[in-house]
Amino acid sequence: VANMIKFAICDDDKRFGDSFRIELLKEFNKRYSGDEAKIVYYQTADECLSRINQDCIDVYFLDIEYGNVLGHDVARVLEKNKPNIGIVYITNHDYYVYSSFVCRPLGFIRKKTSAHDLEMALDSVCEYLKKQKKVFTFRDGRKDVDINGNEIISLCVSDHYLEIEMLDKRIV
């Protein structure tokens, strides 16, 4: 089953966000043949936090100096709402590496060496995503149907009939 892996780039520097999106997609495609990536960009912490439940992000790439708030504070809110969320911190300042261990980050990317640091961070992201991946197989008549468990909203069973509501509003 091909997975849709959803990343968020959370950074107030739009130019960096645009170039990092290209780097992330390139590195992702090297590592994940068969899976697809969707990357959303949030320029403000308010925008990021207001979309927690709608966008169903797997991994956040979160700037530590995120506009007028600290990325650590945003990470705490993200983790409170989604306890197993993946977070990778990004920053211009090396000295933040020691204070970046808030909310068990998967990695730390320094903007000036982002290509190299991204490779290392994606190793951790790959391991994290393998642990998070849940695929369920259901029998539909004579064929098996594989469904990504992260996209299931609800299951309803009635008289040996199973109805599955998905994030994209599909009913299986």
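Residues numbered from 1 in each chain as written. Predicted model: local features only at pLDDT ≥ 70, side-chain atom pairs only at ≥ 80, totals over all residues. Heavy atoms only, no water.

## Notes on the confidence of the model for the chain
Convention followed: Every residue gets a pLDDT, meaning the predictor's confidence in that residue, from 0 to 100. Where helices and strands are cited, they refer to DSSP runs of H or I of at least four residues and of E of at least two residues respectively, numbered from the N terminus.
Of all residues in the chain, 92% attain a pLDDT of 70 or more, and the chain-wide mean is 84. In the model of the chain, strand β8 (residues 135–140) stands out as the element of lowest mean pLDDT, 78, in contrast to strand β3 (residues 59–63), which has the highest, 95.

## Some remarks on helix α5 (residues 114–132)
Short version of the rule: A helix is expected to span 1.5 Å multiplied by its residue count minus one. Contacts are assigned to residue pairs that have any heavy atoms within 4.5 Å of one another.
A rise of 1.5 Å per residue sets the reference length of α5, with its 19 residues, at 27 Å; its end C-alpha atoms lie 25 Å apart and thus fit the reference within 8%. Contact partners of the buried residues in α5: β1 (4–10), α1 (14–31), β3, β6 (86–91) and β7 (107–110).

## Describing the sheet that holds β7
Within a sheet, neighbouring strands are paired by backbone hydrogen bonds and run either parallel or antiparallel to one another. Inclusion rule: The pairing criterion is simple: DSSP has to find at least two bridges between the two strands. Lines are fitted to the C-alpha atoms to define the axes, a helix being fitted only along its stretch in contact, and any angle between axes, read from their N-to-C directions, falls within 0 to 180 degrees.
The five strands are arranged β2-β1-β3-β6-β7 in an open sheet whose pairing can be described as parallel. The sheet is open, and its two borders are formed by β2 (36–42) and β7, each paired with just one other strand. The sheet shows a mean angle of 20° between the axes of neighbouring strands, direction not considered. Pairing between β6 and β7: four bridges, direction parallel. Pairing of isoleucine 90 across the sheet is with isoleucine 109, part of β7. Against the sheet, helix α4 (residues 71–81) contacts β3 and β6, and its axis sits at roughly 155° relative to β3.

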